[in-house]
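# Breakdown of the fold
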Amino acid sequence: ARLLTYFGHSVLFAAILIAEFPASAATLIVSASGGGNYASIQACANAAVPGDTCLVYAGTYDETVTPLQSCTETARITFTARSGDAVIVKAFVISGRQYVSIKGFEINNPSGHGIIASASHHAIIENNIHQKKKKLWTANPGGERIFYCQAYDGDGEARFVASKIEEHQRRS
């Protein structure tokens, strides 16, 4: 009977250890050209659990990535572009998510914001390039003058457009 009691305590102790210390974090590979765990960043986001890293290889990913869950201070979900690779993504939406990291992407969303993080906290967003430079041209050299504006965010671009509209209204 003494042996069974000892064995029972060992099993209970092992169960407590497993519950206290979950499986280690994984690095999940995203490669649009194949060879990774996932072909899209969103598929990786869907599978990732707190502590995981979605390591994204070179490519253009025409998607808006939305992580499914929040994380904790000690177990984040990290989305990172592989060092040296050009990784272009449309946008990330981490609204309402906590402890999410986004690192090293080129954000190219021609119709809106690149990273939306409203009602989020403890997010790490670093070394991302937001918005590619926009070049304008015309085949009509006698048409309206084209203005150049280098804006660092959507708000700067909006202010520039609003000022041009106000100028036009004053002239009319």
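Attention here is on the structure that accompanies the text. The structure displayed is predicted, hence computed values, not measured ones.

## Quick look at the pairing of strand S2 (residues 53–56)
Across four bridges, strand S1 (residues 27–30) lies against S2 in parallel orientation. Looking across to S2, one finds that Ile29 is bridged to Leu55. The parallel pair S1 and S2 is bridged by helix H2 (residues 41–47), and the resulting crossover is right-handed. Here S2 runs beside strand S4 (residues 77–81); their pairing, made up of four bridges, is parallel. From the neighbouring strand, Thr53 faces S4, where its bridge partner is Thr78.

## As for the sheet that holds S2
With respect to topology, five strands assemble into an open sheet ordered S1-S2-S4-S6-S9, the strand pairing being parallel. The open sheet terminates on both sides in strands that have one partner only, identified here as S1 and strand S9 (124–126). Taken pair by pair, the neighbouring strands of this sheet meet at an average axis angle of 10°, ignoring direction. Sheet analysis places S4 next to strand S6 (residues 100–103), joined by four bridges and oriented parallel. Looking at the pairing, Ile77 lines up with Val100 of S6.

## A few points about the packing of aromatic side chains
Evaluated as defined, the whole model comprises two aromatic pairs. With 5.7 Å between their ring centres and 55° between their planes, Phe79 and Phe92 make a pair best called tilted. Of this pair, Phe79 sits in strand S4 while Phe92 sits in strand S5 (residues 87–93), and the two are 13 residues apart along the sequence. Residues Phe79 and Phe92 agree in their burial class; the two are buried. Taken together through their ring pairs, the aromatic side chains of Phe79, Phe92 and Phe105 make up a single cluster. The lysine or arginine in question, Arg82, covers the ring of Tyr57, its NZ or CZ lying 3.8 Å from the ring centre.

How each quantity is defined
Residues numbered from 1 in each chain as written. Predicted model: local features only at pLDDT ≥ 70, side-chain atom pairs only at ≥ 80, totals over all residues. Heavy atoms only, no water. Pairing = 2+ DSSP bridges. Helix = DSSP H or I, 4+ residues; strand = E, 2+ residues; numbered from the N terminus. Right-handed = clockwise from strand over helix to strand, strands pointing away. Axes fitted to C-alpha atoms, helices over the stretch in contact; angles between N-to-C directions. Phe/Tyr/Trp six-rings, centres within 6.5 Å; stacked < 30°, edge-to-face > 60°. Buried < 20%, exposed > 50% of the residue type's maximum accessible area, 1.4 Å probe, protein only. Lys NZ or Arg CZ within 6 Å of the ring centre and 35° of its normal.

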